[in-house]
Amino acid sequence: MIKFEKRNYLYKFYTWLPIIVLFVSVLNEFDLNYLDIDYFSFNFPLILIFYFTLKEYHKFDYLLVFFSGLINDTVIGLPLGLSSLSYILVCIFASY
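Just so you know, these numbers come straight off a predicted model, no measurement behind them.

Details of the packing of helix α2 (residues 44–54) against helix α4 (residues 82–95)
Logical step 1: Axis separation between α2 and α4 bottoms out at 9 Å; the angle between their running directions is 35°. Considering only the axes of α2 and α4, their crossing is right-handed. Only Y87, V90, C91, A94 and S95 of α4 make contact with α2, whose side of the interface consists of P45, L46, I49, F50, T53 and L54.
Logical step 2: Its residues assigned to classes, the contact of α2 with α4 shows nine nonpolar, two polar and no charged.

Here it is in structure tokens:
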């Protein structure tokens with residue numbers, strides 16, 4: 001198993017990687033709905049939020065999840081707060 005030092009830049013990048021992937025996936029606006037596969041839908045940000053909330057990752061803050069929902073609403077064109085509310089509800093249900 002790889003052991004990172006606390007002061008290493010690679011360790012800092014590794015700890016912030018889930019938040020970075022969440023913001024990139026929200027800004028990308030790509031879902032597998034655009035692949036024209038019948039009866040298959042895939043929402044990567046929701047799965048990422050659910051997984052890292054269950055894992056109790058220490059850098060995965062609910063405020064950052066809320067901001068990523070606001071960015072998702074801005075990119076897609078939904079009313080502000082709709083995705084944020086659904087992301088926070090996923091966090092609450094996963095942590096419960």
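Picking up after the structure, the text goes on.
So, the environment of P45
Logical step 1: Within the fold, P45 resides in helix α2.
Logical step 2: Taking C-alpha positions, P45 is 8.7 Å from V21, a pair spaced 24 residues apart along the chain.
Logical step 3: With sequence-adjacent residues up to four places away left out, P45 is seen in contact with L22, S25, V26 and Y87.

Observations regarding the packing of helix α1 (residues 9–28) against α2
Logical step 1: Relative to each other, α1 and α2 sit at 160°, their axes nearing to 9 Å. With respect to α2, the element α1 is oriented roughly antiparallel. Our pair here, α1 against α2, has a crossing hand that is left-handed. Here P18, V21, L22, S25 and V26 of α1 lie close against α2, whose contacting residues are F44, P45, L48, I49 and F52.
Logical step 2: Split into classes, the residues belonging to the contact of α1 with α2 amount to nine nonpolar, one polar and no charged.

Some thoughts on α1
Logical step 1: Within α1, the axis deviates most sharply at L17, by approximately 50°, and proline P18 lies no more than four positions further along.
Logical step 2: Along α1, the residues that are buried comprise Y11, T15, P18, I19, L22, F23, S25 and V26.
Logical step 3: Among the structural elements, α2, α3 (62–76) and α4 are those in contact with the buried residues of α1.
Logical step 4: Directly beyond the C-terminal end of α1, a positive phi value near 60° is found at E29.

What about the nonpolar core?
A general trend in soluble globular proteins is that nonpolar side chains are found buried together.
Logical step 1: Counting 13 residues, the largest nonpolar core has L22, I49, F52, F60, V65 and Y87 as the members making the most contacts within it.
Logical step 2: When residues of this core are assigned to their parent elements, the largest contribution, four residues, is made by α1.
Logical step 3: Contact partners of I49, with chain neighbours within four places excluded, come to L22, F60, V65, Y87, V90 and C91.

Description of the packing of aromatic side chains
Logical step 1: Taken as a whole, this structure holds two aromatic pairs when the rule is applied.
Logical step 2: Each ring, one from Y51 and one from F52, has its centre 4.9 Å from the other, and the planes form 80°; the classification is edge-to-face.
Logical step 3: Accessibility expressed as a relative area gives 47% for Y51, which makes it partly exposed.

Parameters at a glance
- Residues numbered from 1 in each chain as written.
- Predicted model: local features only at pLDDT ≥ 70, side-chain atom pairs only at ≥ 80, totals over all residues.
- Heavy atoms only, no water.
- Axes fitted to C-alpha atoms, helices over the stretch in contact; angles between N-to-C directions.
- Helix = DSSP H or I, 4+ residues; strand = E, 2+ residues; numbered from the N terminus.
- Left-handed = near helix turned anticlockwise from the far one by under 90°.
- Contact = heavy atoms within 4.5 Å.
- Nonpolar A, V, L, I, M, F, W, Y, C, P; charged D, E, K, R; others polar.
- Parallel < 35°, antiparallel > 145°, perpendicular 65-115°, else oblique.
- Bend = angle between axes of the 7 residues up to and from the residue.
- Buried < 20%, exposed > 50% of the residue type's maximum accessible area, 1.4 Å probe, protein only.
- Core = buried A, V, L, I, M, F, W, Y, C linked by side-chain atoms within 4.5 Å.
- Phe/Tyr/Trp six-rings, centres within 6.5 Å; stacked < 30°, edge-to-face > 60°.

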